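# An overview of the molecular structure
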Amino acid sequence: MANLDPNKYSQNKNIKPESNLSSMAALGRMGLMLIGIIGLAMELFREDGWLKTGLAKLFASTTSMMLIPVIIFALWLMNRWITSPNKSETSKSGDLPMYLMMAAGAYYLFRLITTGAF
């Protein structure tokens, strides 16, 4: 039979749970991100929104259609920059989309408070 240590979790006795303040900060960050996602989705998919006008400008002529490979390459480069080279280490730029979405959420929250709509 295997030798089982009765105190195998004793090395974890000094780990502190998250404080109420850090939990509230995480909840605030998540709320800002959700407001940002909702605000951007409303801007993107509304009547005459960003998606409709962007696609209309992109497919307006063959010259502007030549930008499609450039856009795809730029998105690929951004993905390579944000992701870490291996899964064991984290990259500092991986938090950039979260902070951008929080900034968008702060903007849409400000618009919601001042105007009453997104």
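That block above? That's the structure.
Note that residues are indexed from 1 along each chain, following the sequence as it is written. Given that the model is predicted, a residue must reach a pLDDT of at least 70 before its local features are reported, and side-chain atom pairs must reach 80 or more before they are shown or counted; all residues, however, enter totals for whole chains, interfaces and linings. Excluding hydrogens and water, the side-chain figures rest on all heavy atoms present in the structure.

## Re helix α5 (residues 96-115)
For the record, the criterion: The way it works is that DSSP assigns letters per residue, a run of H or I at least four long becomes a helix, a run of E at least two long becomes a strand, and they are numbered from the N terminus. Here the expected span of a helix is defined as 1.5 Å times the quantity of residues minus one. Contact between two residues is taken to exist if any of their heavy atoms lie within 4.5 Å; hydrogens are not considered.
Spanning 20 residues, α5 covers 28 Å between terminal C-alpha atoms, matching the ideal 28 Å at 1.5 Å per step. Residues of α5 that are buried make contact with α1 (20-45) and α2 (50-58). Remark: G116 follows α5 within two positions and exhibits a positive phi of approximately 90°.

## Considering the packing of aromatic side chains
Threshold: Stacked, tilted and edge-to-face pairs are distinguished by plane angle, under 30 degrees for stacked and over 60 for edge-to-face with tilted covering the rest, among Phe, Tyr and Trp rings (Trp via its six-membered ring) whose centres lie within 6.5 Å.
If you walk through the whole model with that rule in mind, you get 2 aromatic pairs. Where Y107 meets Y108, the ring centres are 5.1 Å apart and the plane angle is 70°; that geometry is what we call edge-to-face.

## Concerning the packing of α1 against α5
The condition is simple: Every axis corresponds to a line fitted to the C-alpha atoms, with the helix fit spanning only the stretch in contact, and the corresponding angles, defined between N-to-C directions, vary from 0 to 180 degrees. By the definition adopted for this analysis, an angle is roughly parallel if under 35 degrees, roughly antiparallel if over 145, roughly perpendicular if from 65 to 115, and oblique otherwise. Amino acid classes used here: Ala, Val, Leu, Ile, Met, Phe, Trp, Tyr, Cys and Pro are nonpolar; Asp, Glu, Lys and Arg are charged; the rest, including Gly, are polar.
At a minimum axis separation of 7 Å, α1 and α5 run at an interaxial angle of 75°. As far as their axial angle goes, α5 and α1 are roughly perpendicular. Taking contact as the criterion, the partners of R29, L32, M33, I35, G36, I37, G39, L40 and E43 in α1 are, on α5, M98, M101, M102, A104, G105, A106, Y108, L109 and R111. Residue composition of the contact of α1 with α5, by class: 12 nonpolar, 3 polar and 3 charged.

## Looking at the side chain of E43
Relative to the helices and strands, E43 resides in helix α1. Residues within four places of E43 in sequence aside, it is in contact with G49, W50, Y108, R111 and F118.

## Thoughts on the pattern of salt bridges
For the record, the criterion: A carboxyl oxygen of Asp or Glu within 4 Å of a side-chain nitrogen of Lys or Arg is what we treat as a salt bridge. Three exposure classes are used, based on accessible area relative to the maximum for each residue type with a 1.4 Å probe and protein chains only: buried under 20%, partly exposed in between, and exposed over 50%.
Throughout the structure, instances matching the rule amount to 4 salt bridges. Among the ionic pairs, K52 bridges to E47, the shortest N-O distance being 3.9 Å. A salt bridge links D48 to K52, with the nearest nitrogen and oxygen atoms 3.5 Å apart. With relative accessibility at 48%, the residue K52 sits in the partly exposed group. Look at the salt bridges and you will find they share partners, linking E43, R46 and R111 into a network.

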